[in-house]
Number of protein chains: 2
Amino acid sequence: MPNYISPLRDINFVLNDFINFEKIYERYPQSKDKMNSEIVDQYLQVAADFCENELYPLNRVGDQQGCKLRNGIVTTPDGFKEAYKKYVELGFPALTGDEAYGGQGFPSLLWIAISEILTSCNWAWGMYPGLSHGAMSTIEHHGTDEQKKNYLPKLISGVWTGTMCLTESHAGSDLGLIRTKALPNNDGSYVISGEKIFISAGEHDLSQNIVHIVLARLPNAPAGTKGISLFIVPKFNIDQDGNILDRNGVVCSALEHKMGIHGNATCALSFDNAKGFLIGPENRGLHCMFTFMNSARIGTAIQGLAASESSYQGALAYAKDRLAMRSLSGPQNPELSADPIIVHPAVRNMLLTQKVFAEGSRALAYYLSVYVDIAKLSNDESEKKIAEDKLALLTPIAKAFMTEMGVESAKNGMQVFGGHGYIAEHGMEQIARDVRISTLYEGTTEIQSIDLLFRKVLGSKGELIKLLIEEIKEETQHIPQHEEIASMYIKLENLVKEWHELTTYIQEELSSNPVEVGTISVDYLYFSSYVIFAYLWLKMAMAAQDKISQESTDEFYPAKIATAEFYFERILPRTLVHAELIKSQTKSLFKLSPHQFKFD
Amino acid sequence: MPNYISPLRDINFVLNDFINFEKIYERYPQSKDKMNSEIVDQYLQVAADFCENELYPLNRVGDQQGCKLRNGIVTTPDGFKEAYKKYVELGFPALTGDEAYGGQGFPSLLWIAISEILTSCNWAWGMYPGLSHGAMSTIEHHGTDEQKKNYLPKLISGVWTGTMCLTESHAGSDLGLIRTKALPNNDGSYVISGEKIFISAGEHDLSQNIVHIVLARLPNAPAGTKGISLFIVPKFNIDQDGNILDRNGVVCSALEHKMGIHGNATCALSFDNAKGFLIGPENRGLHCMFTFMNSARIGTAIQGLAASESSYQGALAYAKDRLAMRSLSGPQNPELSADPIIVHPAVRNMLLTQKVFAEGSRALAYYLSVYVDIAKLSNDESEKKIAEDKLALLTPIAKAFMTEMGVESAKNGMQVFGGHGYIAEHGMEQIARDVRISTLYEGTTEIQSIDLLFRKVLGSKGELIKLLIEEIKEETQHIPQHEEIASMYIKLENLVKEWHELTTYIQEELSSNPVEVGTISVDYLYFSSYVIFAYLWLKMAMAAQDKISQESTDEFYPAKIATAEFYFERILPRTLVHAELIKSQTKSLFKLSPHQFKFD
């Protein structure tokens with residue numbers, strides 16, 4: 001099994017050289033004293049030690065053992081419970097929590113960095129605390145003071161965990177179809193009944209209580225998405241001091257058999273006259289849910305990054321070690337029976353492709369979470385609005401693209417291993433199975449593309465795109481004297497122009513026909529993603545060149561610039577297809593009648 | 001679990017309308033009386049019944065149970081043994097076997113069609129008889145009369161099965177590194193000792209004996225690929241009448257834990273002073289192996305086709321049934337709570353992408369196997385040579401592209417299912433796991449691309465490409481009066497021109513630098529593959545239009561033309577990236593030193 005090493009050098013580069021985070025966070029009183037290099041380094045080192053030593057060794061254990069359901073009780077794989085106990089002792093659950101309820105009040109950027117390491121080491125395990133974040137932030141944003149007092153301290157300390165209960169077997173992407181019912185009691189609480197599926201961390205043995213956030217319908221609620229409300233339903237009822245009472249009417253009726261993430265309990269939950277509490281306004285449940293959904297989407301994007309990183313690390317180690325055939329330019333290691341396979345162009349191509357997606361995804365995720373923080377921390381309404389707008393635009397891109405590239409990276413990881421990539425003990429096939437969920441849950445790639453193009457781009461009449469294009473122009477106006485960087489800049493400039501033209505074309509020529517917009521939305525998402533990555537890679541190259549100009553002799557920096565070049569040379573041409581598909585007609589897509597659409 | 005229906009309608013179209021197989025096979029005395037519609041239909045129907053009713057129900061059983069190794073004995077999943085018994089009773093193992101040894105002497109085209117159905121129903125099971133074909137053809141081509149007499153009748157009848165033992169743990173793509181030894185005995189036999197891995201069907205309970213074809217080194221053999229010989233090593237020694245004697249010195253020391261194809265026993269085999277027999281000339285083992293490898297590559301290509309077909313069938317059924325959201329053009333089924341997801345452009349796009357790869361792969365595989373047959377049946381040296389040349393060119397393309405497209409189709413299949421695609425009971429994730437081996441074994445995609453570009457294209461100084469371009473011109477010279485077909489024809493014409501130009505460019509500009517050729521070989525393989533598929537899709541559209549001109553009212557034909565249009569409109573633009581990557585410089589690929597290539 002390949003060893004995982006926390007990529008602290010690159011994380012450090014992204015935080016300091018690329019984002020220059022101290023300069024940003026010192027602007028806000030809530031983060032000023034927290035976000036300095038010393039503290040951040042310390043947290044990252046503690047996280048790296050914990051993840052590498054405690055979580056990583058459990059990664060394959062979790063995959064092999066999976067979770068077990070017996071008489072309604074779910075047992076997680078060996079060691080999961082003990083690792084969670086240590087995680088709580090180290091204080092990680094409280095990292096970003098509200099200080100009023102025992103949290104440490106750190107901005108999300110630090111959590112994102114830690115979360116990357118955690119997910120790279122053990123995706124399935126990482127989902128247990130990950131889901132708690134969703135529940136916490138929903139209660140923080142939409143709960144009453146009493147609800148906050150009742151639930152937040154225990155969730156923040158990690159003694160309890162949380163879930164999000166959205167999906168029903170007939171209602172996934174289309175939540176308007178859900179049927180779970182909520183009937184009011186006389187005391188202001190509700191009786192919740194219905195069947196939910198795909199509830200990650202829905203039942204397990206890590207925490208004393210589980211706080212479910214549940215979508216359900218009130219009596220006489222309007223049909224569809226406008227008749228859905230949000231409820232808190234704890235696994236165990238609690239008294240007003242937060243003490244655990246009797247078991248509530250919610251049980252795990254089944255565990256799903258999945259392709260991967262075996263260590264996480266994906267539950268079917270039966271709500272049978274469970275006691276629940278309305279959170280947020282009646283019939284505004286989906287709206288409240290969006291708070292959670294956006295953070296869940298960034299969390300899923302991180303999972304894509306983690307798959308790119310861990311499959312890259314595995315493949316790189318193997319490519320340096322495995323001997324097969326001679327270099328096409330003649331033997332590189334004549335003393336060995338053959339050359340290590342990293343000498344072969346196709347292998348290098350796969351490794352560098354993984355590298356640009358791992359490091360590029362890191363840049364995007366961290367950069368995005370700075371906007372998450374600014375939107376929360378800033379008191380300047382205009383700055384806040386810009387951050388929210390950019391987040392709105394970039395979230396579906398990060399979610400869809402980083403997970404799709406995670407899938408591609410994991411495939412490359414197996415491919416570098418040849419036949420050994422298919423064998424469980426090498427760990428590469430587990431990454432490929434685990435990552436496969438990420439383009440499906442929290443809104444498929446196709447759903448993200450509709451969100452991006454219909455809601456964000458056309459919905460803002462192109463304003464969000466313009467906002468980002470302005471940023472790109474501003475951030476790249478001081479291009480250093482450097483041949484390769486100058487050449488990348490010209491490519492980016494042309495590409496941004498093309499992006500703007502394509503967007504205008506869609507607005508002017510296609511937007512009256514939603515089917516045509518839908519037809520090209522996935523290609524538009526990919527095109528936009530490659531533009532964003534080009535921007536980030538150019539900025540990273542510039543940051544690296546800055547260091548070189550300051551006489552740094554660290555080999556990391558020229559390697560970073562060369563990696564950026566690879567992105568521009570070998571990856572960016574992919575935009576050609578997407579541009580062509582956006583511009584060209586698609587008469588054939590709807591030609592076949594359902595009747596003709598058959599195979600027998 | 002989605003139901004599989006043998007796609008006999010499309011198979012029939014490819015055999016009759018596209019290939020016009022009767023006209024081809026009536027030219028050869030050995031096939032004249034065998035290959036007529038009546039006989040072929042009958043065989044296909046028997047195969048379809050057997051595969052759908054016996055093999056398909058065992059597909060998930062095999063995945064769940066896997067094979068078990070206890071005390072050197074491998075047990076296959078429940079039902080596998082009984083299904084194999086029926087398969088033998090039905091006479092399928094003998095289908096293409098030499099009539100002199102009890103075979104039925106059918107050309108490979110019929111076997112390819114049956115093999116598609118078989119693999120679609122149960123990939124893992126299909127590998128047991130599949131591997132026997134490799135052993136049989138090796139003995140047929142290279143065995144002595146005595147070896148043929150000793151082994152062929154039992155292999156052909158299916159009472160025994162066979163394997164191919166190539167890989168060792170340190171030697172996969174680079175077989176020159178193998179270490180298994182063969183020491184001569186006084187009686188003309190050899191003592192074989194060594195460790196082989198990844199031996200599919202290496203040990204199991206389906207057959208009375210297993211005939212291993214083993215690569216090993218003779219004493220003082222030259223190093224590398226020129227010092228490898230081929231041996232027959234039976235699991236049980238046999239007497240001169242083919243009766244089973246004592247156990248030979250070969251045991252299964254371990255079963256691999258794999259991502260998929262769990263029902264097939266992937267064995268580590270220990271050869272410990274096993275008795276073996278040289279087959280073919282000394283030190284010419286790899287050369288003899290190529291006979292098998294080419295047929296194995298086509299067999300693997302078929303597996304890619306099977307994954308495209310079965311994932312397409314599953315996704316199509318689900319897309320017609322699953323309700324979510326309304327069509328972007330307004331409700332299509334107002335009586336239902338939502339529209340079936342087949343109305344959504346992204347879903348249609350995925351389904352049609354699967355369809356063009358499933359049906360296009362079928363066309364390529366069947367077309368290719370006609371050349372396999374002509375190369376074998378023809379007495380006309382020129383016709384034979386042309387068939388062999390085209391086979392040489394098209395085999396790496398079919399192997400690599402059809403398996404990669406199988407992987408893509410399986411991914412689409414899961415994606416259409418949304419979160420349900422990740423759940424085992426729906427069957428889609430099994431297809432994705434099973435198919436993943438196909439771009440790895442029998443030479444990775446990257447190895448195929450090197451074979452294609454170095455050996456076949458540059459090795460023939462471009463002659464093989466010219467040969468195929470001539471065929472394309474000849475076969476598409478009578479384009480019917482049909483707007484869409486005419487438009488496809490123009491696109492193909494331009495594309496073929498570009499293919500020729502790119503090939504010339506590589507020959508003239510790059511061939512002096514093998515590293516540069518290696519850098520673009522995968523892109524060249526993809527570009528070539530999309531050209532071949534464009535050719536086949538145009539030919540299929542022409543064949544369909546032919547039927548329409550003959551007053552056929554079968555809706556199958558206009559659907560076929562519309563599917564071809566989809567290929568030209570939505571798939572063919574992918575060539576833009578590959579052409580660009582072939583033409584553009586890649587200064588960045590080797591910029592990073594191994595030392596800079598790190599993550600910590």
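Residues numbered from 1 in each chain as written. Chains lettered and ligands numbered in written order. Predicted model: local features only at pLDDT ≥ 70, side-chain atom pairs only at ≥ 80, totals over all residues. Heavy atoms only, no water.

### Section: the overall build of chain A
A count of helical and extended segments in chain A gives 19 helices and 11 strands. On the principal axes, the C-alpha backbone points of chain A span a range of 80 × 65 × 60 Å. Long-range contacts, defined as pairs at least 24 residues apart, comprise 74% of the intrachain contacts of chain A with a sequence gap of at least 6. For chain A, the exposed surface amounts to about 21,400 Å²; the carbon and sulfur share of it is 50%. Of note, chain A has its 55 positive side-chain charges centred 5 Å away from the centre of its 73 negative side-chain charges. (Helix = DSSP H or I, 4+ residues; strand = E, 2+ residues; numbered from the N terminus. Contact = heavy atoms within 4.5 Å. Areas by Shrake-Rupley, 256 points an atom, 1.4 Å probe, with all protein chains shown as cover. Lys, Arg positive; Asp, Glu negative; His and termini not counted. Charge placed at Lys NZ, Arg CZ, Asp CG, Glu CD.)

### Quick notes on helix α1 (residues 8-19) of chain A
Quick reminder: α-helices carry 3.6 residues per turn. Residues three or four places apart thus point the same way. By the burial criterion, the buried members of α1 of chain A are D10, I11, F13, V14, L15, D17, F18 and I19 of chain A. At the C-terminal side of α1 of chain A, N20 of chain A shows a positive phi close to 55°. (Buried < 20%, exposed > 50% of the residue type's maximum accessible area, 1.4 Å probe, protein only.)

### Section: the environment of Y366 of chain A
Relative to the assigned elements, Y366 of chain A resides in helix α11 (residues 345-377). Excluding residues within four positions of it along the chain, Y366 of chain A makes contact with I11, V14, L15, I19, L109, I112, A113 and E116 of chain A.

### Remarks on the relation of the copies chain B and chain A
Superposing chain B onto chain A requires a rotation of 180° together with a translation of 0.0 Å along the rotation axis, leaving an RMSD of 0.0 Å. Here the copies are linked by what is in effect a two-fold axis. When you check the interface residues of chain B against chain A, 100% turn up at the interface there too, and the contact is symmetric in its surfaces. (Least-squares fit on C-alpha atoms with pLDDT ≥ 70 in both.)

### Re the UniProt feature "domain: Acyl-CoA dehydrogenase/oxidase C-terminal" (unreviewed entry) in chain A
Mapped onto the present numbering, the UniProt feature "domain: Acyl-CoA dehydrogenase/oxidase C-terminal" (unreviewed entry) falls at residues 283-449 of chain A. Helix makes up 71% of residues 283-449 of chain A and strand 0%, whereas the separation of the span's terminal C-alpha atoms amounts to 26 Å. (UniProt positions renumbered as here; feature names shortened; annotations may be inferred.)

### With respect to unusual backbone geometry
All names here are of chain B. Phi at N71 is positive, roughly 50°, even though this residue is not glycine. Position of N71 relative to the elements: it lies in the loop between β1 (68-70) and β2 (73-75). The backbone phi angle of N220 is positive, close to 60°, even though this residue is not glycine. Secondary-structure assignment places N220 in the loop between β6 (209-216) and β7 (229-234).

### Brief notes about the interface of chain B and chain A
Across the boundary between the two partners, chain B contributes 106 residues, which contact 106 residues of chain A. Of the roughly 9,000 Å² buried where chain B meets chain A, counting both sides, 64% is carbon and sulfur surface. Its largest share of buried area at the contact with chain A, chain B owes to Y422, F597 and F599 of chain B, together 11% of the area lost on that side. Our count for the contact surface shared by chain B and chain A stands at eight salt bridges. The salt bridge involving D523 of chain A is made with R570 of chain B; its shortest N-O contact spans 3.5 Å. Counting across the chain B and chain A interface gives 45 residue pairs in polar contact (both at pLDDT 80 or more). Grouping the constituent residues of the side of chain B that touches chain A by class yields 50 nonpolar, 27 polar and 29 charged. (Buried area = accessible area lost by both parts, 1.4 Å probe. Salt bridge = Lys/Arg side-chain N within 4 Å of Asp/Glu carboxyl O. Polar contact = N/O pair within 3.5 Å; in protein donor to acceptor, adjacent residues only side chain to side chain. Nonpolar A, V, L, I, M, F, W, Y, C, P; charged D, E, K, R; others polar.)

### Observations concerning the side chain of K399 of chain A
Along the chain, the position of K399 of chain A falls in helix α12 (residues 381-416). In terms of polar contacts, K399 of chain A uses its side chain to reach the backbone carbonyl oxygen of S438 of chain A, at 2.7 Å.

### Some thoughts on the side chain of T476 of chain B
Residue and element names in this part refer to chain B. Within the fold, T476 resides in the loop between α15 (463-475) and α16 (483-510). Looking at T476, the relative accessible area reads 3%, which means it is buried. Excluding anything up to four places from it in sequence, T476 contacts Y489, L492, Y535, L538 and M542.

### Some points on the packing of aromatic side chains
Here the distance between the centres and the angle between the planes together describe a pair of aromatic rings. One pass over the structure, following the stated rule, counts 52 aromatic pairs over all chains. For the pair Y567 of chain B and F568 of chain B, a centre-to-centre distance of 5.9 Å together with 85° between the ring planes defines the contact as edge-to-face. Residue classification places F568 of chain B among the buried residues on the basis of a relative accessible area of 2%. The rings of F357, F401, Y526, Y530, F533, Y567 and F568 of chain A are connected pair by pair, giving a single aromatic cluster. Here R247 of chain A stacks its cationic end above the ring of F236 of chain A, 5.6 Å away from the centre of that ring. (Phe/Tyr/Trp six-rings, centres within 6.5 Å; stacked < 30°, edge-to-face > 60°. Lys NZ or Arg CZ within 6 Å of the ring centre and 35° of its normal.)

### Describing the UniProt feature "domain: Acyl-CoA dehydrogenase/oxidase N-terminal" (unreviewed entry) in chain A
Within the UniProt annotation, "domain: Acyl-CoA dehydrogenase/oxidase N-terminal" (unreviewed entry) is assigned to residues 43-158 of chain A. For residues 43-158 of chain A, helix accounts for 67% and strand for 5%, while the C-alpha atoms at its two ends are 17 Å apart.

### Thoughts on the environment of V14 of chain A
Relative to the helices and strands, V14 of chain A resides in helix α1. Residues V14 of chain A and G360 of chain A lie 346 residues apart in sequence; the distance between their C-alpha atoms is 9.8 Å.

### Some points on the pattern of salt bridges
Summed over the entire model, instances satisfying the criterion amount to 64 salt bridges over all chains. Its salt-bridge partner being E475 of chain A, residue K539 of chain A comes within 3.0 Å of it at the nearest N-O pair. Of this pair, K539 of chain A sits in helix α17 (residues 514-549) while E475 of chain A sits in helix α15 (residues 463-475), and the two are 64 residues apart along the sequence. Across the pair R433 of chain B and D63 of chain B runs a salt bridge, and its minimum N-O distance is 2.7 Å. With R433 of chain B in helix α13 (residues 428-435) and D63 of chain B in helix α5 (residues 58-65), the pair connects residues that are 370 residues apart, well separated along the chain. Like R433 of chain B, the residue D63 of chain B is buried in the burial classification. By sharing partners, the salt bridges in this structure join D10, E116, E309, K355, E359, R362 and K560 of chain A into a single network.

### Focus: the packing of helix α1 (residues 8-18) of chain B against helix α18 (residues 556-571) of chain B
Residue and element names in this part refer to chain B. The contact between α1 and α18 brings their axes to 12 Å, and the two run at 80°. In terms of axis orientation, α1 runs roughly perpendicular to α18. Contacts between α1 and α18 involve R9, D10, F13 and D17 from the first element and F556, Y557 and K560 from the second. (Axes fitted to C-alpha atoms, helices over the stretch in contact; angles between N-to-C directions. Parallel < 35°, antiparallel > 145°, perpendicular 65-115°, else oblique.)

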